Amino acid sequence: MAIPLHRQTQYQYLLVSQEGRVGTVQLNRPDVLNALSPDLMIELVDALEVFDADNQIGCIVLTGGPKVFAAGADIKRMANASAIDMLTLDQLARWDRIRKLHKPVVAAINGYALGGGCELAMMCDMIIAGENAKFGQPEINIGVIPGAGGTQRLTRAVGKAKAMELILTGRLFDAQEALSMGLINTITPPELTMETAQQLAQTIAEKPAVAVRLGKEAILKAFDTTMEGGLDYERKLFYLLFASEDQKEGMQAFMEKRAPDWTNA
Ligand code: CAA
């Protein structure tokens, strides 16, 4: 059973809980389909960073709840802003801190994941989607383009032709299309989305934490380096893991034909 955390009382727009070594953050602004206001994003980045720094947590699940993930950045909060307001406030820079989390984040998505909501999902490391999930980058329909990484992450995930079509038409797409394009990991019945994401997160959270951290880091490196640079980086991280207790334990346990006892050190 998920234990609600005391610290959730400090959040107005989130529900935060912990089950085993999995920390869950749920967006909680249902009246406006979890529109990602600056205040919500301050809380979200804080909650994710708190879990990221907690040794008792091995993996994080991010969800919007059973009906909607997020319908994007809060349009009402942006509508009258000037370019200079947007530039000087630079609120999307905060979103970028999600990219820097060390622990894996699994997105559990039911319903709409649009605009900034789709971008937030793509900032996560894995995506579990309910059959009712609807993705899209509809910013073109309100006179802008994605501003929280959509042009870069969607393009890397699904390729240039599909990204062009989706971003320049603003067409929404369902979980099946997202799966066929390689954007998400799995589709589930909507009532099983959270459970499926939790199971995946729990499996990862039970692996040795230092190897999980460096595995994530090496995979993300593939997005911003050459093959040569990436292979070199991976090899150094592989060698570095021989400084961890869990490497000694894992290999010893293999040779002794027993289950490893991880210390996450
Ligand atoms: N910002 C602010 N409020 C939003 C919102 C958003 N992104 N999305 C929905 N809401 C609000 C609505 O205004 C409405 O509030 P009121 O009851 O006060 O009018 C409430 O949520 C319910 O929404 P709807 O009545 O529109 O619900 P619907 O079921 O008819 O439609 C929807 C659902 C298709 C998702 C529609 O709400 C919609 O198109 N939302 C906007 C989607 C969008 O354009 N997202 C991109 C935002 S820009 C962005 O994200 C930039 C970026 O890259 C960072």
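Above this text sits the structure in question.
For the structure given in this document, a descriptive report is provided here. The residue count restarts for each chain, going from 1 along the sequence in the order it is written. Reporting of local features is limited, given that this is a predicted model, to residues whose pLDDT is at least 70; pairs of side-chain atoms are given and counted only at 80 or more, and all residues count toward the totals for whole chains, interfaces and linings. Side-chain measures were taken over the full set of non-hydrogen atoms in the model, leaving aside hydrogen atoms and water.

A few words on unusual backbone geometry. The residue L33 is not glycine, and still its phi comes out positive at about 55 degrees. Of note, L33 is situated in the loop between β3 (22–27) and α1 (38–52). Look at L33 and you get partly exposed, because its relative accessible area is 38%. At N264, a position not held by glycine, the phi torsion is positive, near 60 degrees. Structurally, the position occupied by N264 is in the segment after α12 (245–255). Residue N264 is classed as partly exposed on the basis of its relative accessible area of 28%. Strands are runs of DSSP state E lasting at least 2 residues, helices are runs of H or I lasting at least 4, and numbering of each runs from the N terminus. We call a residue buried when its accessible area falls under 20% of the maximum for its residue type, exposed when it is over 50%, and partly exposed in between, using a 1.4 Å probe and counting protein chains only.

Our focus in this paragraph is the packing of helix α5 (residues 116–123) against helix α6 (residues 150–158). Only the contacting stretch of a helix is used when fitting its axis, a line to C-alpha atoms as for every element, and angles between N-to-C directions run 0 to 180 degrees. Relative orientation of the contacting elements α5 and α6 amounts to 55 degrees, with a least axis distance of 10 Å. One element, α5, and the other, α6, form an angle in the oblique class. Taken as a pair, α5 and α6 cross one another with a handedness that is left-handed. Contacts between α5 and α6 involve E119, M122 and M123 from the first element and G150, R153 and L154 from the second. The scheme is simple: roughly parallel for angles under 35 degrees, roughly antiparallel for over 145, roughly perpendicular for 65 to 115, oblique for anything else. Crossings are sorted by hand: turned counterclockwise from the far helix by less than a right angle, the near helix makes the crossing left-handed, and turned clockwise it makes it right-handed. Pairs of residues are marked as contacts when any of their non-hydrogen atoms sit within 4.5 Å.

The next point concerns the site of the ligand. The environment of the ligand is made up of 22 residues, and the closest members are A73, I75, G116, E119 and E139. A distance of 3.0 Å separates a nitrogen atom of the ligand from a polar atom in the backbone of A71. A73 is positioned such that a nitrogen or oxygen atom in its backbone is 2.9 Å from an oxygen atom of the ligand. For the area figures, the Shrake-Rupley method with a 1.4 Å probe applies, and any residue is considered shielded solely by the protein chains shown. For the ligand, whose unbound accessible area comes to 980 Å², protein coverage reaches 63%. Note on terminology: near, applied to a residue and a molecule or strand, indicates that one of the residue's heavy atoms is within 4 Å of it. Any N or O atom pair separated by 3.5 Å or less is treated as a polar contact, with the protein-specific requirement of one donor-capable and one acceptor-capable atom, and with residues adjacent in sequence counted only for side-chain atom pairs.

Our focus in this paragraph is α1. Helix span is expected to be 1.5 Å times the residue number reduced by one. A rise of 1.5 Å per residue sets the reference length of α1, with its 15 residues, at 21 Å; its end C-alpha atoms lie 21 Å apart and thus fit the reference within 8%. Among all positions of α1, only P38, L40, M41, E43, L44, V45, A47, L48, F51 and D52 are buried. The secondary structure elements touched by the buried residues of α1 are β2 (14–19), β3, β4 (59–63), α2 (75–78), α4 (92–95) and α5.

This part is about the pattern of salt bridges. Opposite charge on two side chains allows them to pair when their charged atoms are near. In what follows, salt bridge is the name for a side-chain nitrogen of Lys or Arg lying within 4 Å of a carboxyl oxygen of Asp or Glu. Considering all chains together, one arrives at 13 salt bridges under this definition. Where D39 meets R77, a salt bridge forms, and the shortest distance between an N and an O atom there is 4.0 Å. One end of the pair, D39, is in helix α1; the other, R77, is in helix α2, with 38 residues separating them in the sequence. Under the relative-accessibility criterion, D39 is labelled partly exposed at 36%. For the salt bridge of K216 with D125, the shortest nitrogen-to-oxygen distance reads 2.8 Å. A residue pair is termed long-range when its members are at least 10 positions apart, and K216 in helix α10 (residues 209–221) and D125 in the loop between α5 and β7 (126–130) qualify at 91 residues.

This next bit is on the packing of aromatic side chains. The description of two aromatic rings rests on the distance between their centres and on the angle between their planes. Only Phe, Tyr and Trp rings take part, Trp by its six-membered ring, and two of them pair if their centres are within 6.5 Å. Stacked means planes under 30 degrees apart, edge-to-face means over 60, and tilted covers everything else. The tally for this structure, following the rule as stated, stands at three aromatic pairs. Their ring planes at 55 degrees and their centres at 6.0 Å tell us that F238 and Y239 sit as a pair that is tilted. We classify F238 as partly exposed; its relative accessible area is 47%. Summarising the aromatic geometry, the rings of F238 and F242 are spaced 5.4 Å apart at their centres and angled 70 degrees between planes, so their arrangement reads as edge-to-face. Note on F242: relative accessible area 35%, which makes it partly exposed. Here the aromatic residues F238, Y239 and F242 are joined through ring pairs into a cluster of three or more. The ring of Y13 carries R29 above its face, with NZ or CZ at 5.6 Å from the centroid. Just above the ring of Y233 sits the side chain of K221; from NZ or CZ to the centre is 4.6 Å. Both a distance and an angle decide whether a charge sits over a ring: NZ of Lys or CZ of Arg must be within 6 Å of the ring centre and within 35 degrees of the ring normal.

Further remarks concern the packing of α10 against helix α11 (residues 227–240). Two elements in contact, α10 and α11, have axes separated by 10 Å at closest approach and are oriented at 175 degrees. Relative to α11, α10 is oriented roughly antiparallel. On the side of α10, the interface is formed by L214, E217, A218 and K221, while α11 contributes Y233, L237 and L240. Under the scheme applied, nonpolar residues are Ala, Val, Leu, Ile, Met, Phe, Trp, Tyr, Cys and Pro; charged residues are Asp, Glu, Lys and Arg; polar residues are all the others, including Gly. Of the residues that constitute the contact of α10 with α11, the class distribution is five nonpolar, no polar and two charged.

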